[in-house]
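Listed here are the chains, written in short residue letters.
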Amino acid sequence: MGFIEELQRRRTFGIISHPDAGKTTLTEKLLLFGGAIQEAGAVKSNKIKKSATSDFMEIERQRGISVATSVLAFNYQGKKINILDTPGHKDFAEDTYRTLTAVDSVIVVIDVAKGVEEQTEKLVEVCRMRNIPMIVFINKLDREGKDAFDLLDEVESKLNLSVTPLSFPIGMGYDFKGIYNIWESNAQLFSGEHKQTVADKEIYDTLDSPKLASRIGESALNQLKEELELVSGVYNPFDRKAYLAGEQQPVFFGSALNNFGVQELLDCFVTIAPNPLPKEADSRMVAPEEKDFSGFVFKIHANMDPKHRDRLAFVKIVSGTFERNKPYLHVRHGKKLKFSSPNAFFAEKKEIVDVSYPGDIVGLHDTGNFKIGDTLTQQEQLNFQGIPSFSPEHFRYINNADPMKAKQLNKGIDQLMDEGVAQLFTLHLNNRKVIGTVGALQFEVIQYRLLHEYGAQCSYENLNVHKACWVTCDDPEHSEFLDFKRVKQKFLANDKQGQLVFLADSAFSLQMSQQKYPAVQFYFTSELK
Ligand code: G4P
């Protein structure tokens, strides 16, 4: 198979949802239908149980699992599917945002009873801003839930999407009988009594089948016909171009637990989902078809074994082929690196691979060269965009609690920051170090990992900061900028890259500063956009 065929058969995507909507179950069922695993229950859940949020061992266990499930790859109908795992826990939302920079499309899972939840809103907003193609899967149809049309309205209004159903439920909850597959124009029924165990289905190619009428009853059939008429009257027909442009989102209904509606979703997904897309770099757009290799680091995973300090850097290949033992330019360092054992991922295993294609993820063993957002190329000087740090919302001073281990502490903090666990700021006023995180759980993770991986101890001290934002001014000598820096000196810091950051102590003070100093620009991601 040639290079172009290889890249055209790649489908790299992420599944996003509010915790408990069924992301893990759906992932597992996709692997099952894809033939990548033989039985359900094989994919371990990487979610942090609610009861265990402060249990460090639980966090470590989760980290172990999340290495294994970071990328789940399998072949289906000639397509190579790469599912990128996204943590559901809100304290790890930044990991999820970063992973979304490496996907070419997403599937959004929604619980039929709970509808659109908070975390779904946030994640979909990120996808919408980047015009990522989305398919919506409404799950748990075996339970009593919201009316299908109400739910479609809710998805449109709360998530600001423009949906078109490609399947429609026949009944719901106790009366859930099956699905009308609008995409393939057929009705599919459960063929047994128990919705929890049935995997086989009956398929009817026409709604006029007398057997279908007798199976679901005349009135249910008439209702279905009316609903389908309403669907075609209210919603625009599926338009692949609009889907690929992020302007229309097809919706499927089903029950991941009962294997219902999952294969339909997968079959449609492999047909309509995009192969690797071009990506924006600072100097130009990079197309996947280009011969020269380029890629970027979107995730770094520390080794679980403290005796081996190496880490695994996850690189999404944007263009060209990545080959083992070939030198590539690490753009930030300006030096060439070779990788003798790049890992590729299959289902839950990883293996050394000689050649990888656009859309693929390779895991590179790293002894501290990489940080999130780094670009690798054949030789060109370019940096991929869109992998920013987000403005953290929790802040604490970090202190060394064991003066004999200052070196270990600094190294540990440095590496954890490169991994993207949190952000480090140095206050102008007194040079003290402040850790900023998106979720409160990260402070415990940092303390635990510093001790167990670096033998260093830290303590925290509270600090009253509302939000950090990056500040710049077109003219560094502008009187307003100088004035701002003088008045707010107490609240200024540098991030790890030396960029100026304003640690606003309240929403009010941030707002006042924005009004008072219009020549100063305030940004809420480190990419200054
Ligand atoms: P998440 O990754 O999005 O957090 O969700 P996960 O798949 O873990 O699913 C959350 C719960 O919802 C699980 O139950 C799971 O079995 C259940 N679930 C998933 N899909 C369906 C479905 O189609 N119908 C019904 N009725 N339930 C579904 P749990 O009791 O929390 O966990 P477990 O003990 O079953 O693993």
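Residues numbered from 1 in each chain as written. Predicted model: local features only at pLDDT ≥ 70, side-chain atom pairs only at ≥ 80, totals over all residues. Heavy atoms only, no water.

Student: I tried to follow the sheet that holds strand β6 (residues 163-165) on my own but got confused; where do I start?
Tutor: Strand pairing within a sheet occurs via backbone hydrogen bonds; the two strands may be parallel or antiparallel. Across the sheet, seven strands lie side by side as β2-β3-β1-β4-β5-β11-β6; this open sheet has mixed pairing. The sheet is open, and its two edges are formed by β2 (71-76) and β6, each paired on a single side. Going across the sheet, the axis of each strand differs from the next one's by a mean of 25°, ignoring polarity. Two elements, strand β5 (residues 134-139) and strand β11 (residues 249-253), share three bridges in a ladder whose sense is parallel. Note on β11: the bridge partner recorded for I138 is F253. In this fold helix α2 (residues 23-33) packs onto β1 (10-17), β2, β3 (79-84), β4 (105-111) and β5, with an angle of close to 155° to the strand it touches most, β1. Across the sheet, helix α10 (residues 262-272) is in contact with β1, β2, β3, β4, β5 and β11; its angle to β5 comes to roughly 180°. (Pairing = 2+ DSSP bridges. Helix = DSSP H or I, 4+ residues; strand = E, 2+ residues; numbered from the N terminus. Axes fitted to C-alpha atoms, helices over the stretch in contact; angles between N-to-C directions. Contact = heavy atoms within 4.5 Å.)

Student: Can you help me understand the packing of aromatic side chains in this one?
Tutor: Pairs of aromatic rings are described using the distance from one ring centre to the other and the angle between the two planes. This model, assessed by the stated rule, comprises 21 aromatic pairs. By the ring-pair criterion, three or more aromatic residues cluster together here, those being F293, F322, Y328, F339 and F370. The side chain of R396 reaches across the aromatic face of F443, ending 4.3 Å from its centre. (Phe/Tyr/Trp six-rings, centres within 6.5 Å; stacked < 30°, edge-to-face > 60°. Lys NZ or Arg CZ within 6 Å of the ring centre and 35° of its normal.)

Student: So what exactly am I meant to see when it comes to the packing of helix α11 (residues 406-419) against helix α12 (residues 441-454) here?
Tutor: Angle between the axes and distance between the axes are the two parameters that describe a pair of packed helices. Contact pair α11 / α12: the axes reach a minimum separation of 10 Å and the direction vectors enclose 120°. Classed by the angle they form, the pair α11 and α12 counts as oblique. Here α11 runs over α12; the crossing is right-handed. Between α11 and α12, the residues in contact are Q408, L409, G412, I413, Q415, L416, M417 and E419 and I446, R449, L450 and Y454, respectively. Residues belonging to the contact of α11 with α12 are distributed by class as follows: seven nonpolar, three polar and two charged. (Parallel < 35°, antiparallel > 145°, perpendicular 65-115°, else oblique. Left-handed = near helix turned anticlockwise from the far one by under 90°. Nonpolar A, V, L, I, M, F, W, Y, C, P; charged D, E, K, R; others polar.)

Student: What is the right way to look at the site of the ligand in this model?
Tutor: Around the ligand sit 17 residues in total, of which D20, K23, T24, T25 and S255 are the nearest. Note that an oxygen atom of the ligand is positioned 3.2 Å from one of the backbone N or O atoms of L257. In the complex, 68% of the free accessible area of the ligand, which totals 700 Å², lies under the protein chains. Here the element with the most residues in the shell around the ligand is α2; it accounts for three residues. A per-class count over the shell around the ligand returns four nonpolar, seven polar and six charged. (Near = heavy atom within 4 Å. Polar contact = N/O pair within 3.5 Å; in protein donor to acceptor, adjacent residues only side chain to side chain. Areas by Shrake-Rupley, 256 points an atom, 1.4 Å probe, with all protein chains shown as cover.)

Student: Could you clarify how one ought to interpret the pairing of strand β26 (residues 433-437) in this entry?
Tutor: Regular strands place their side chains on alternate faces of the sheet. Across the five residues that make up β26, a large majority, four, are buried. In this sheet, β26 lies alongside strand β24 (residues 394-400) in antiparallel orientation, the contact comprising four bridges. Directly across from F395, in β26, lies its bridge partner G436. Of the strand pairs in this sheet, strand β25 (residues 423-427) and β26 are connected by four bridges, and their pairing is antiparallel. Within β26, the position partnered with T426 by the bridge is K433. Joining the antiparallel neighbours β25 and β26 is a turn of five residues, in which N431 adopts a positive phi near 65°. (Buried < 20%, exposed > 50% of the residue type's maximum accessible area, 1.4 Å probe, protein only.)

Note that every value here comes from positions in space, so none of it alone points to a role or purpose.
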